[in-house]
Amino acid sequence: MSDNSRLTKNTLLLYMRMLVVMIISLYTSRIILKNLGISDFGLYNVVGSVAAMFSFLNTAMYSSTQRYLSIAVGRNDTLQLHKIFNVSLVIHSLIGIGIVVICEVFGLWFIYHEMVIPAGRELAVFWSFQLSLIAAFITIITVPFDALVISRERMGTFAYISIIDVIFKLLIAYIISVVSFDRLVFYSFLIVVAQVVVTGVYVIYCKSHFEECSFRFYRFDALYKEMTIFASWGLLGHISYIINTSAQNMMLNVFFSPVVNAARGVALRVSSAVSGFSNNFQSAVSPQITKSYAVGNDSRLFLLIYNSSRFSLYLLWFFSLPIMLCMDEILGIWLVEVPDYTTIFLQLVLIFNLVESGANPLNMAVRARGKIKYPEIIGGTILVMNFPLSYVALKLGYGPQSVFIIMIICGIACHFNRVFFAHKYLHLPISDYFSKVVFRPSIVIFVSMLVPLWATHHSFHDNMNPLLFIVVITILSFFSILMVIYYAGLDKSEKIYVKNVLRNRFLR
């Protein structure tokens, strides 16, 4: 199978996976919020963030593992592939143990001295935190298997396992509604069970399909050092990501209440479901970006960067626009009780996702080159500024939405940093990048929103049924975006390709 055919097949598989995952996840969020209550839902988001905050070591190693595995697969080096997998498994196990120890010290201090906890919920929060640590540890040791599946481009397997995961989460949401004891603790326990099952499926599949999954302990040598150093330079970027998520969550809890955390949790769940469509496309492209660099095919490397960044943004905008315009109506129908600030949080997070939509192709290309020291130091420093700036804003009395506005500004600055280093290390043409990835999509976004935006402010809005309003605006948005993408968002060869596909599909 050719690279383009494999890319198309994998992308379609991941889209099917994302559609199922999004529908189940959004419905699951509604059930969980209803059965846990706003306060416990917010508390779980906070204690989960404490464990996730220290997972930056694991996240950095995931990028390193996938990079080394993809290069070995691209060069068809079976022996090196076996060694990389086993070395990464040892490193992730050590990282998992270290994170658990750190969290037991810092996390418990935060829970007992800084976290805002409703009276009588202290013991439940303690056990929920302990169970969250167990789930985090299991997730960490699953990473090498997950990275191997992606590097081998077995997207169908990845899709099926993801669907199994969300189905378990849906069952959990219903199970906690019938228990008579503490639902927060029981929910945390069932999440651990679900993670064990998902990890077991990954391990069984990899061991039965990939010969490099046979375990062998390699003595500590240069590869351990090389992979660890490579991952270490990525720490700043991942630390800044954690600050934009976990530390942000804890900061909102300190300045406000669990209700604000619940609003943020709902916003991020919806945002994650929407951005998953563009992320899935990038997941299919990422291994080919690394492999294109490994074999020295620069023309294909640049083409993959341009197209994956541009079409990721188009896909994200396709779903974000109707959600932004129908936010109140969607939340009113979806949730039993909508936490304060949910609407503004979700709108700002969707904007941030648009800014970040082209980040992954640039990151993967630069990481394939292996020179990530200065990109991560400078980019990480830019994003880390989100934390002190947000703290100052909240101290000065600004609302919780100020945290997300600052996050967007830092994200824009960081993207310019990525483009600069892609040009420096890979000789990526800056003018081509901004023309194809920034300028053309900006026109698509601005023009396509005009008609739907006018329709939302038309006088019929007040007299229309909320569900009918959502349907009308969604159809109008989809039609507007598709038309503008075709006439302003595609180049000549892409338009010809679209015409040929439509002609072969409908006129043969």
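*Asks:* Even after reading the chapter, I still don't get the overall build of the protein, so can you show me in this structure?
*Replies:* From N to C terminus, the protein includes 20 helices and zero strands. Looking at the protein residue by residue over its 508 residues, the buried ones come to 54%. Long-range contacts, defined here as pairs at least 24 residues apart, represent 84% of the contacts in the protein between residues at least 6 apart. Element-wise, carbon and sulfur atoms account for 67% of the exposed surface of the protein, whose accessible area totals about 22500 Å².

*Asks:* What is the right way to read helix H15 (residues 386-395) from this model?
*Replies:* Residues lying three or four places apart along an α-helix face the same way, a consequence of the helix completing one turn every 3.6 residues. Taken together, the buried positions of H15 are Asn386, Ser390, Ala393 and Leu394. Taken around the axis of H15, the buried residues stretch over an arc of 95°, which confines them to a single face. Of the residues one or two after H15, glycine 397 is the one with positive phi, at around 100°.

*Asks:* What should I look at first to understand the nonpolar core in this one?
*Replies:* Soluble globular proteins tend to pack their nonpolar side chains together in the buried interior. Within the largest apolar cluster, 65 residues are counted, with the highest numbers of intra-cluster contacts made by Leu428 and Tyr433. Sort the elements by how many residues they give to this core and helix H3 (residues 78-113) lands first, with 13 residues. Among all residues touching tyrosine 433, those that are not within four sequence positions of it are Ile305, Tyr306, Ser309, Gly358, Leu362, His415, Val419, Leu428 and Val438.

*Asks:* Would you mind showing me how to read the side chain of glutamine 130 here?
*Replies:* Position of glutamine 130 relative to the elements: it lies in helix H4 (residues 122-151). Engagement of the side chain of glutamine 130 in a polar contact is seen with the side chain of glutamate 104, the distance being 3.2 Å. Setting aside anything within four residues of it in sequence, one finds glutamine 130 in contact with Glu104 and Leu108.

*Asks:* Would you mind showing me how to read the environment of isoleucine 481 here?
*Replies:* Within the secondary structure, isoleucine 481 is located in helix H19 (residues 466-489). By relative accessible area, which is 0% here, isoleucine 481 ends up buried.

*Asks:* Got a minute to help me understand the packing of helix H10 (residues 298-325) against helix H13 (residues 359-369) in this structure?
*Replies:* Between H10 and H13, the shortest axis-to-axis distance is 8 Å and the interhelical angle comes to 160°. Taken together, the axes of H10 and H13 lie roughly antiparallel to each other. Taking contact as the criterion, the partners of Leu301, Ile305, Ser308 and Ser309 in H10 are, on H13, Pro361, Leu362 and Ala365. For the contact of H10 with H13, a count of residues per class yields five nonpolar, two polar and no charged.

*Asks:* Explain the packing of aromatic side chains here, please?
*Replies:* Given two aromatic rings, their pairing is described by the distance between the two centres and the angle made by the two planes. For the coordinates displayed, the defined rule picks out 16 aromatic pairs. A centroid spacing of 5.7 Å and a plane angle of 15° characterise the contact between tyrosine 341 and phenylalanine 345, whose relative ring orientation is stacked. Accessibility expressed as a relative area gives 0% for phenylalanine 345, which makes it buried. With centroids separated by 5.0 Å and ring planes inclined at 80°, the aromatic side chains of phenylalanine 420 and phenylalanine 421 adopt a geometry described as edge-to-face. A relative accessible area of 45% means that phenylalanine 420 is categorised as partly exposed. Exposure remark for phenylalanine 421: the relative accessible area of 5% places this residue in the buried category. Directly above the aromatic system of tyrosine 486 lies the positively charged group of lysine 495, at a separation of 5.9 Å from the ring centroid.

*Asks:* Just to check I follow, could you spell out the confidence of the model for the protein for this structure?
*Replies:* Caution applies to low-pLDDT parts of the model: their predicted coordinates are not meant to be read in detail. On average, the protein scores 78 in pLDDT, and the residues at 70 or more come to 84%. The secondary structure element of the protein with the lowest average pLDDT is helix H1 (residues 3-53), at 66, and the one with the highest is helix H17 (residues 430-448), at 90.

*Asks:* Is there a simple way to explain the environment of tryptophan 334 in this structure?
*Replies:* Tracing the chain through its elements places tryptophan 334 in helix H11 (residues 327-334). Note: C-alpha distance between tryptophan 334 and tyrosine 27 (307 residues apart in sequence) is 7.8 Å.

*Asks:* Could you clarify how one ought to interpret the packing of H4 against helix H6 (residues 183-209) in this entry?
*Replies:* Two quantities define a packed helix pair, namely the angle between the axes and the distance from one axis to the other. Direction vectors running N to C along H4 and H6 enclose 15°, while the axes themselves pass 9 Å from each other. In terms of their interaxial angle, H4 and H6 are classed as roughly parallel. You can see that H4 and H6 cross each other, and the crossing is left-handed. Across the contact of H4 with H6, the residue classes break down as 18 nonpolar, six polar and one charged.

*Asks:* Quick question: what am I supposed to make of the side chain of asparagine 353 here?
*Replies:* Note on placement: asparagine 353 falls in helix H12 (residues 342-356). We classify asparagine 353 as buried; its relative accessible area is 14%.

*Asks:* Explain a nonpolar patch on the surface to me, please; I cannot follow it from the model alone.
*Replies:* A cluster of nonpolar side chains, contributed by Ile333, Leu467, Leu468, Val471, Val472 and Ile475, occupies part of the molecular surface with about 520 Å² of accessible area. With respect to the helices, strands and loops of the structure, isoleucine 475 is situated in helix H19. Accessibility expressed as a relative area gives 54% for isoleucine 475, which makes it exposed.

*Asks:* I keep staring at H10 and nothing clicks. Help me out?
*Replies:* Counted at 1.5 Å a residue, the expected span for H10 with its 28 residues is 40 Å, and the 41 Å between its end C-alpha atoms agrees. Of all bends in H10, the biggest is about 25°, found at tryptophan 317. Most of H10 sits inside the fold, with 21 of its 28 residues counted as buried.

*Asks:* Just checking my understanding: could you explain the pattern of salt bridges for this structure?
*Replies:* In a structure, side chains of opposite charge can pair up when their charged atoms sit close to one another. All told, the structure shown has two salt bridges when counted by the stated rule. Where arginine 418 meets glutamate 356, a salt bridge forms, and the shortest distance between an N and an O atom there is 3.3 Å. One end of the pair, arginine 418, is in helix H16 (residues 401-426); the other, glutamate 356, is in helix H12, and 62 residues separate them in sequence. Arginine 367 is paired through a salt bridge with glutamate 376; the nearest N and O atoms lie 3.3 Å apart. Overall, arginine 367 belongs to the buried group, its relative accessible area being 11%.

*Asks:* Explain unusual backbone geometry here, please?
*Replies:* What is expected of a backbone is that most residues other than glycine have negative phi and most peptide bonds are trans. In the Ramachandran plot, histidine 427 falls in the positive-phi region, its phi being about 60° despite a non-glycine side chain. Here histidine 427 lies in the loop between H16 and H17. Taking the relative accessible area as the measure of exposure, histidine 427 reaches 60% and is therefore exposed.

*Asks:* I'm lost on the environment of phenylalanine 420 in this one. Help?
*Replies:* Within the element layout of this structure, phenylalanine 420 appears in helix H16. Spatially, the C-alpha atoms of phenylalanine 420 and proline 375 are 8.8 Å apart, while their sequence positions differ by 45 residues.

Rules and cut-offs
The residue numbers shown here count from 1 along each chain, following its written sequence. Confidence filtering applies because this is a predicted model: local features only for residues at pLDDT of at least 70, side-chain atom pairs given and counted only at 80 or more, and all residues used for totals across whole chains, interfaces and linings. Based on all heavy atoms of the structure, the side-chain values leave hydrogens and waters out of the count. Elements are defined by DSSP. Helices are runs of H or I of four residues or more, strands are runs of E of two residues or more, and each kind is numbered from the N terminus. When a residue's accessible area, from a 1.4 Å probe over protein chains only, is under 20% of the maximum for its type it is buried; when over 50% it is exposed; and in between it is partly exposed. In this description, contact between two residues means that some pair of their heavy atoms is separated by no more than 4.5 Å. To measure how exposed things are, a 1.4 Å probe is used in the Shrake-Rupley method; for residues, cover is taken only from the protein chains shown. In this description, one arc is meant: the one made by directions from the helix axis to the C-beta atoms. Here, nonpolar core means buried Ala, Val, Leu, Ile, Met, Phe, Trp, Tyr and Cys residues that are tied together by side-chain atoms lying within 4.5 Å of each other. Two N or O atoms form a polar contact when they lie within 3.5 Å of each other; inside protein one atom must be a possible hydrogen donor and the other a possible acceptor, and for residues adjacent in sequence the pair counts only when both atoms belong to side chains. Orientation is described by lines fitted to C-alpha atoms, with helices fitted over the stretch in contact, and by angles between N-to-C directions that extend from 0 to 180 degrees. Roughly parallel refers to an angle under 35 degrees, roughly antiparallel to one over 145, roughly perpendicular to one between 65 and 115, and oblique to any angle outside these ranges. Asp, Glu, Lys and Arg are counted as charged, while Ala, Val, Leu, Ile, Met, Phe, Trp, Tyr, Cys and Pro are counted as nonpolar; the rest, among them Gly, fall into the polar class. Pairing of aromatic rings covers Phe, Tyr and Trp, the last counted by its six-membered ring, and requires centre-to-centre distances within 6.5 Å; plane angles under 30 degrees mean stacked, over 60 mean edge-to-face, and any other angle means tilted. Only when the NZ of Lys or the CZ of Arg is both within 6 Å of the ring centre and within 35 degrees of the ring normal is a charge said to sit over the ring. Along the chain, pLDDT gives the predictor's confidence residue by residue, from 0 to 100. Two helices crossing with the near one rotated counterclockwise from the far one by less than a right angle form a left-handed crossing, whereas a clockwise rotation gives a right-handed crossing. What goes into a patch is any residue over 30% in relative accessible area without a salt bridge, connected to like charges within 9 Å or, for nonpolar side chains (Val, Leu, Ile, Met, Phe, Trp, Tyr), within 5 Å. Salt bridges are defined by distance alone: a side-chain nitrogen of Lys or Arg within 4 Å of a carboxyl oxygen of Asp or Glu. Here the expected length of a helix is defined as 1.5 Å per residue gap, with one fewer gap than residues. A residue's bend is the angle separating two fitted axes: one through the seven residues that end there, the other through the seven that start there.

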